[in-house]
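# Observations on chain architecture
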Amino acid sequence: MQHRPSLSDVKSDLFKGLAHPLRIRVLELLSEADDGPLGEVAVAELLAQTGLEASHLSQHLSVLRKYGLVESERRGSQVYYRLAFASVAGLLDAARALLGELLEARGDELAQQLDAHHAGAR
């Protein structure tokens, strides 16, 4: 008998797909894409905007595909990515709103931690 994952397991997997700052950045870029067809962004543009090496971007895109957050389509020699669901953009918006609330509630302590984290990531 095969174990069916619980809803909590499925939610946990969703957050695993989101659990890297570069994957969040890619999702944000895709959510901001409104000038291309279906909000698509070419891999070349994602490379330019993230500054990642092609192999690293490919790994992150693979994780996002695995967890069903993005879809891709090859046209000619170019591959285009888009959010799999509009609600992914909504999730990013909700996370930004929550972060704003946390910053307000925790005051300077969390803001200093975030600043230190971002300085170390550079």
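For the structure, see preceding data.
Bear in mind the structure is a predicted one, so any value in this text is a computation, not a measurement. (Residues numbered from 1 in each chain as written. Predicted model: local features only at pLDDT ≥ 70, side-chain atom pairs only at ≥ 80, totals over all residues. Heavy atoms only, no water.)

## Focus: the packing of aromatic side chains
The cut-off we apply is this: Here a pair means two rings of Phe, Tyr or Trp (six-membered ring of Trp) with centres within 6.5 Å. Their orientation is stacked below 30 degrees between planes, edge-to-face above 60, and tilted elsewhere. Placement of a positive charge over a ring is assigned whenever Lys NZ or Arg CZ falls within 6 Å of the ring centre and within 35 degrees of the normal to the ring plane.
Using the criterion set out here, one finds zero aromatic pairs in the structure. In this structure, Arg-75 packs its charged tip against the face of Tyr-80, placed 4.1 Å from the ring centre.

## So, the side chain of Arg-82
Operational definition: Each helix is a run of DSSP H or I of at least 4 residues and each strand a run of E of at least 2, with the numbering of both proceeding from the N terminus. Type-normalised accessible area, obtained with a 1.4 Å probe on protein chains alone, sets the label of each residue: buried when under 20%, exposed when over 50%, and partly exposed for intermediate values. Two N or O atoms count as a polar contact when they lie within 3.5 Å, although within protein this holds only if one can serve as hydrogen donor and the other as acceptor, and sequence-adjacent residues are included solely when both atoms are side-chain atoms.
In this fold, Arg-82 is placed in strand β3 (residues 78–83). Overall, Arg-82 belongs to the buried group, its relative accessible area being 15%. In terms of polar contacts, Arg-82 uses its side chain to reach the side chain of Glu-40, at 2.7 Å.

## Quick look at the packing of helix α2 (residues 21–32) against helix α3 (residues 43–50)
Stated precisely, the cut-off is as follows: To obtain each axis, a line is fitted to C-alpha atoms, and for helices this fit is confined to the stretch in contact; angles are then taken between N-to-C directions over 0 to 180 degrees. For this classification, under 35 degrees means roughly parallel, over 145 means roughly antiparallel, 65 to 115 means roughly perpendicular, and everything else is oblique. Crossings are assigned a handedness: left-handed for a near helix turned anticlockwise from the far helix by less than a right angle, right-handed for a clockwise turn. Should any heavy atoms of two residues lie within 4.5 Å, those residues are considered in contact. Amino acids outside the nonpolar list (Ala, Val, Leu, Ile, Met, Phe, Trp, Tyr, Cys, Pro) and the charged list (Asp, Glu, Lys, Arg) are all regarded as polar, and Gly is one of them.
In contact at an axis separation of 11 Å, α2 and α3 are set at 120° when each is read in the N-to-C sense. Here α2 lies oblique to α3, going by the angle between them. Both α2 and α3 take part in a crossing whose hand is right-handed. Contacts between α2 and α3 involve Arg-25, Val-26, Leu-29 and Leu-30 from the former and Leu-46, Gln-49 and Thr-50 from the latter. Residue composition of the contact of α2 with α3, by class: four nonpolar, two polar and one charged.

## Side note on the sheet that holds β3
Definition in use: Two strands form a pair only when DSSP identifies at least two bridges running between them.
A sheet is described by the order of its strands in space; here three strands give the open sequence β1-β3-β2, paired in antiparallel fashion. The open sheet is flanked by β1 (41–42) and β2 (70–75), the only strands paired with a single partner. Taken together, the two bridges between β1 and β3 define a ladder with antiparallel strand orientation. Along β3, the bridge assignment pairs Ala-42 with Tyr-80.

## Points about the nonpolar core
Selection rule: Take the buried Ala, Val, Leu, Ile, Met, Phe, Trp, Tyr and Cys residues and link them wherever side-chain atoms come within 4.5 Å; each set so joined is a nonpolar core.
Within the largest apolar cluster, 20 residues are counted, with the highest numbers of intra-cluster contacts made by Leu-27, Leu-30, Leu-46, Leu-61, Leu-64 and Tyr-81. Those elements that provide at least two residues to this core are α2, α4 (54–66), β3 and α5 (86–106). At four residues, the largest contribution of residues to this core is made by α2. Beyond its immediate chain neighbours, meaning those up to four positions away, Tyr-81 contacts Leu-30, Gly-39, Glu-40, Val-41, Val-43, Leu-46, Leu-61, Arg-65, Val-70, Glu-71 and Ser-72.

## Quick look at the pattern of salt bridges
Rule in force here: One side-chain nitrogen of Lys or Arg within 4 Å of one carboxyl oxygen of Asp or Glu is enough to make a salt bridge.
Enumeration according to the criterion identifies eight salt bridges in this entry. Lys-16 is the salt-bridge partner of Asp-13, the closest N and O atoms lying 3.4 Å from each other. A residue pair is termed a helical-turn pair when its members lie 3 or 4 positions apart in one helix, as Asp-13 and Lys-16 do in helix α1 (residues 7–18) at three residues. Residue Glu-28 is joined to Arg-96 by a salt bridge in which the shortest nitrogen-to-oxygen separation is 3.4 Å. Linking Glu-28 in helix α2 with Arg-96 in helix α5, this pair joins segments that are 68 residues apart in sequence. Within the structure, one salt-bridge network assembled from shared partners comprises Glu-40, Glu-71, Glu-73, Arg-75 and Arg-82.

In short, shape yes, function no, at least from these values alone.
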